[in-house]
Structures are given as C-alpha cells and as structure tokens.
Amino acid sequence: MTEQTLPLCIAGQWRLGRGERYASYYPATGEPVAWLNAANVEDVNEAIEGAHQAFLHSGWAQRKPHERAAVLYRIAQLIREQAEELAQLQRQDNGKPIGETRNLVASAAGTFQFFAAACETLEETITPSRGDFVTMSVYEPMGVVAAITPWNSPIASEAQKVAPALAAGNAVVIKPAEITPLLALQLARLCEEAGLPKGLISVLPGKGSVLGDAITRHPLVKRVSFTGGTRTGKHIAHIAADKMMPVSLELGGKSPTIVLDDADLDHAVAGVLYGIFSSSGEACIAGSRLFVARALYEPFMLRLCAAAANIKVGNPADETTQMGPLISAAHRESVERYVALGLSEGGRLRLGGQRLTGDEYDKGFYYPPTILEGLSNDQRVCQEEIFGPVLIALPFDDEADLLDQANDSLYALAAGIWSRDYKRAWSLGRKIQAGTVWINTYKQFSISTPFGGWRDSGLGREKGRLGILQYMEQKSLYWGMNERPLAWASEHREVAP
Ligand code: NAD
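Residues numbered from 1 in each chain as written. Predicted model: local features only at pLDDT ≥ 70, side-chain atom pairs only at ≥ 80, totals over all residues. Heavy atoms only, no water.

The number of helices and strands found in the protein chain is 16 helices and 23 strands. At 25 Å, the protein chain has a C-alpha radius of gyration in line with the 23 Å of a compact globule built from 497 residues. Seen through its C-alpha atoms, the protein chain measures out along the principal axes to roughly 90 × 60 × 40 Å. Classification of the 497 residues of the protein chain by burial places 56% in the buried group. Relative to all contacts within the protein chain whose residues are 6 or more apart in sequence, the contacts with residues 24 or more apart total 72%. For the protein chain, the accessible surface area stands at approximately 21,200 Å², while carbon and sulfur atoms represent 54% of it. One way to put it: in the protein chain the 48 positive side-chain charges average out to a point 2 Å from where the 56 negative ones average out. (Helix = DSSP H or I, 4+ residues; strand = E, 2+ residues; numbered from the N terminus. Rg over C-alpha atoms; globule rule 2.2 N^0.38 Å. Buried < 20%, exposed > 50% of the residue type's maximum accessible area, 1.4 Å probe, protein only. Contact = heavy atoms within 4.5 Å. Areas by Shrake-Rupley, 256 points an atom, 1.4 Å probe, with all protein chains shown as cover. Lys, Arg positive; Asp, Glu negative; His and termini not counted. Charge placed at Lys NZ, Arg CZ, Asp CG, Glu CD.)

Another point: a negative patch on the surface. The grouping of Asp378, Asp398, Asp404 and Asp408 at the surface amounts to a negative patch. Looking at the secondary structure, you find Asp398 in the loop between β17 (390–396) and α14 (399–406). (Patch = residues over 30% accessible without salt bridge, like charges linked within 9 Å, V, L, I, M, F, W, Y side chains within 5 Å. Salt bridge = Lys/Arg side-chain N within 4 Å of Asp/Glu carboxyl O.)

Our focus in this paragraph is the sheet that holds strand β14 (residues 289–293). The strand order β15-β16-β17-β14-β13-β19-β20 describes an open sheet built from seven strands, whose pairing is mixed. Pairing within the sheet leaves two strands with one partner each, and these edge strands are β15 (348–351) and β20 (436–439). Neighbour-to-neighbour, the strand axes of the sheet open up by a mean angle of 25 degrees, direction not taken into account. In the sheet, β14 pairs with β17 via five bridges, with the strands oriented parallel. Directly across from Phe291, in β17, lies its bridge partner Leu394. Against the sheet, helix α9 (residues 265–277) touches β13 (256–259), β14, β16 (370–373), β17 and β19 (414–418), its axis set at about 140 degrees to β17. (Pairing = 2+ DSSP bridges. Axes fitted to C-alpha atoms, helices over the stretch in contact; angles between N-to-C directions.)

Strands sit in the order β6-β7-β23 across an open sheet of three strands; the sheet is antiparallel. In the strand order of this sheet, the two ends are held by β6 (125–127) and β23 (472–480), each with one partner. Neighbour-to-neighbour, the strand axes of the sheet open up by a mean angle of 30 degrees, direction not taken into account. In this sheet, strand β7 (residues 133–141) lies alongside β6 in antiparallel orientation, the contact comprising three bridges. Across the sheet, Thr127 pairs through a bridge with Thr135, a residue of β7.

Tracing the backbone shows Cys382 in helix α13 (residues 380–383). In this structure Cys382 comes out as buried when scored by relative accessible area, which is 0%.

This paragraph deals with the packing of helix α3 (residues 83–94) against helix α6 (residues 182–193). A packed helix pair is summarised by two numbers, namely the angle formed by the two axes and the spacing between the axes. Across the interface, α3 lies against α6 with an axial gap of 9 Å and an inter-helix angle of 155 degrees. Relative to α6, the element α3 lies roughly antiparallel. Of the residues in α6, those in contact with Leu86, Leu89, Gln90 and Asp93 of α3 are Leu182, Leu183, Gln186 and Leu190. Of the residues in the contact of α3 with α6, the class split is five nonpolar, two polar and one charged. (Parallel < 35°, antiparallel > 145°, perpendicular 65-115°, else oblique. Nonpolar A, V, L, I, M, F, W, Y, C, P; charged D, E, K, R; others polar.)

Before going further, it helps to examine the domain arrangement of the protein chain. What the domain assignment lists for the protein chain is domain 1 (5–251 + 457–478) and domain 2 (256–439). Placing the centre of domain 1 and that of domain 2 at their C-alpha centroids yields a distance of 31 Å. On the side of domain 2, 28 residues touch domain 1, which itself brings 22 residues to the contact. For the pair domain 1 and domain 2, the summed buried area comes to about 1,800 Å², and 57% of that belongs to carbon and sulfur atoms. The largest share of the area that domain 1 buries against domain 2 comes from Pro27, Trp151 and Ser457, three residues that together contribute 29% of it. Counting the contacts that link domain 1 with domain 2 gives one salt bridge. A salt bridge links Glu319 to Arg102, with the nearest nitrogen and oxygen atoms 2.9 Å apart. The tally of links between domain 1 and domain 2 comes to eight residue pairs in polar contact (both at pLDDT 80 or more). Among the elements of the structure, α3 and α4 (98–121) are those that each provide at least two residues to the side of domain 1 that touches domain 2. Of the residues in the side of domain 1 that touches domain 2, the class split is eight nonpolar, eight polar and six charged. (Domains from an automatic or database assignment. Buried area = accessible area lost by both parts, 1.4 Å probe. Polar contact = N/O pair within 3.5 Å; in protein donor to acceptor, adjacent residues only side chain to side chain.)

Here we come to the pairing of β16. Working note: regular strand, side chains alternate between the two faces of the sheet. With burial as the criterion, each face of β16 is covered, one bearing Thr370 and Leu372 and the other bearing Ile371 and Glu373. Sheet topology note: the β15/β16 ladder contains three bridges and is antiparallel. Bridge pairing links Arg348 to Glu373 in β16. Sheet topology note: the β16/β17 ladder contains three bridges and is parallel. Bridging from a neighbouring strand, Thr370 pairs with Val390 of β17.

This is the structure we're talking about:
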C-alpha cells in the first residue's frame, strides 16, 4: 500500500478531493489499502456543472447509437483485459473472497457489452396514426444522472447504472460508498481510456449524508439511480418528489427461502447455504428467512447445519475461501447485536453465534455462519435486515401458513422455492410477493432479466434490454401530412374575415 493520496475524477480532471483525508481499509486485516481525500460539496457542484457542460458540448448525446455502443464495447474489453487486477482490488476494498470478486468483474464487463448492444439495437416506434399525421415515439437522454451505490458489490452495482446511463447518451456522476471507492475510480479511468469524452463521468467518494444528499438535491441532476438501504432510499425519494425527478431505488430485503416436503434435499441444502452465507450474507437478496415443511424440519436442519459448519471462512485471497470477513468492525457489532436480540426474543442457536478468534480471525472482522431457530416471523430479527451471515429457520404447516408468514414482511425483494413438483412450485411462485422468485435455484443473475423490489425493497427496475429507457425521456413526435390547413383555423378564417 502506498501512502500517496489517490486523486478523484472530477469534471474531467484527476485531482485531489477537497474533503478530509481518509483510508479505505482491507476488512481481512484492518489495514489501509489506499488513502484519498473525500470530495466535498464544492467538488460535487463542480462535477455536476462539468458533467452538464460535457453533456451539452462533447457531442456524446448526438453520436449515433452504434458509435456510443463502440465505446461501451471497448470499456467491456478493457475490464476483461484488467479483470484480475480489478478483482484483486475489489477483494481488498471490501473483503469478498477472490472467487466472488472475479465473478463481479466478469458481470460488470457483461453489463457494458449488454447495454452496448441494447443501445445500438434500441428501436423507436411509429405508432398507429389516428389522423392526418404520422406519430412516433422516440427517446432522448436526460442530461446529468447520478449513480449512488453501496459497499457490498461495487463494480457490479456501478456498471449496472453507468452502462445504461452512458448508452442512453447521458453524463454520470458516481457516488460510491465512502468505504469502497476504489473500483468506481478505476472504472472512470477505463471509461476515459476507452474514449469516453472527458467530464462525462465523475467519481465523488465521501459521506453519503453530505455528498449523496447534495447530488440528489442539485437542480442539474435529472435522475438518481440508487442502491442501498431502505431508510436512505426513502430520504432520496422525498427529495425526488419535490424536484419531480425520477428515481430507481434498489433497497433492502428479508427474503424467504422455502423448502417444500418434496424438495430434492441435496439441491435445497446447497441452495439455502449459498443464498444466505455467500458474500457473508452481505447481499440484498440474501435468503435470510428459511421456511421448512414441518414434517421435514428436523432432518433438514441436521443436514443444513452439518453442511454450514463446513463452510470455509477465512482469507479472501485464498482461492478456496467461501466466506470472507464482514465489511467493518462496526458492521460486525451490528450483526452481533441482532444475534443477541434474537436470543433475548427466545431464539436458540443451532450454529455459530460467536465471533471467530485466533490467528487471522483476530485481525479481520470475521463472523461465522449462524443459524437461529425457535422464533416467530413477527419478531424483529425476522423482520429487520441483518445484512450478515445469520439465517432464521422457521417451520410451516401448510401452504396457507407458509404464505401468511413468508409474505408478512415490509420487504419483498426475492424468494426461493425448493420442490420437485413443478406445478406446486409454479403456483407458489405466483403467490409469493417478491421482485424475483428463484425456483430450484437461488441468487442467480442475468443482466437480460429485470431486477428490483416491491414495497420497502424498492421502486423501479434495473437490467433487461429496456433498462436503458430508465435513463431516457420519452418524446412523442407528430408529423403533419395534411394537404390543407387545419380545419378549425380555416373555418374560423372563413367566418370572420
Ligand atoms: P446506505 O443506504 O447506507 O448507503 C448507500 C449509498 O448511499 C452510499 O453511497 C452512501 O454514501 C449513500 N448515502 C447515504 N446517505 C445518503 C443520503 N442521505 N443521500 C444520498 N445518498 C446517501 O447502504 P449501505 O450500508 O452502503 O448498503 C447496504 C444496503 O444496501 C442494504 O440495505 C442492502 O440491502 C442494500 N442493497 C440493495 C441492493 C438491491 O439491489 N436491492 C443491492 C445491494 C445492497
């Protein structure tokens, strides 16, 4: 690690931020990975003003879609060429195991490629005419849009917003999480290297309550695409309402995974474990509430706990590690408070529940796979997002009981169903309230399939071919084909000479 202070990307300049100096820490050791100066509100204003000027004068918005797409394809290619460096950087920035960060980098490259294709194949439509005119529906870029992202999957979250926003012809300001700024900065470098005009992308690390708020309120920002906690999302939605500004909000979750009595248990055990414990449970779509058919409950729990006890927790640089540390000491304390709360609410520990200690565990913010049972769905640990490796297991009696419990949540982001009976799974999948339902799989993603939540889990959708339209304004064009002047005016002329 170098003590050198990293420059930020502000309005086409690489220069130091004007805010406080701080470090990004490696969660596996608590040691600094990089030092940087946060942006301050002046930097925010400069970045947005610069983005606005670049939007107006760089010619990006006026380039033909296939020309913009060529730059996006090049960004995808550069991400692939530097995949290993990016994956290692993300591992250090947020402590995820290297296998996982490699997947996130590959997903970011795929996202740029996908939205390049969406850009050059987007069709504007001629709508059925209902008069002496040809009617068209076309799309225009919005101007400056903001991408505000959390710390758990930086490069993938940022690509998901930046790629469609640029494809649509906009300028983008990225506000990465304060504690994971490095990938957004690197992405901005790659965008410039790929030929994106300067000023079209800025990166503003720092405190969300100050910078994110200033970005959201800025009159030149025409859209905010936000991923993060529900409380922050609601705050942004209030500001957006006052500005009449569209937003997309990808928020928290408390997703149920459901094991029916006819499930293939090998698949169900593997899927439930992956759903909650991969990424150390720091995933919005973590399957954190497990519902098991009562008849199957104890045998299933025995298998699940035995398999969970074998999960390899440790050094994220090790290729065989399945779970790395949590993001920070403060976040681990929050997870511990939730486990203590679950126990005080009458829960029993089936696994884990104690901070890991010894050797590398003493340096990083490790927490083991933890399974609680003996609780009811209305208790706080079953209703609030813990965002850590904590699974609450709950038995159910029949479908009515299951639906009552599984759908009883403020959140409705995702759900998983394990059953060999495709008709039962289909019927249940339609009744579960969630933005995404996985049947006999879990936590699988495809950039071609829209993603988002219901209720407190969010508003709007990202991904999918039409995801690009989130970053465009729709416009209707009427082309008059009249042989004679409009009747009203000509009749008027005749009556009143
Ligand atoms: P957070 O809401 O604290 O922060 C997210 C981003 O918002 C950060 O960049 C932060 O600096 C910024 N921010 C904070 N206050 C702000 C304000 N007042 N105005 C504008 N921006 C502000 O969330 P977090 O702790 O970084 O991330 C964890 C949360 O993100 C979890 O709730 C998780 O479920 C959610 N998440 C959701 C998805 C999804 O796609 N639904 C994906 C990943 C994470």
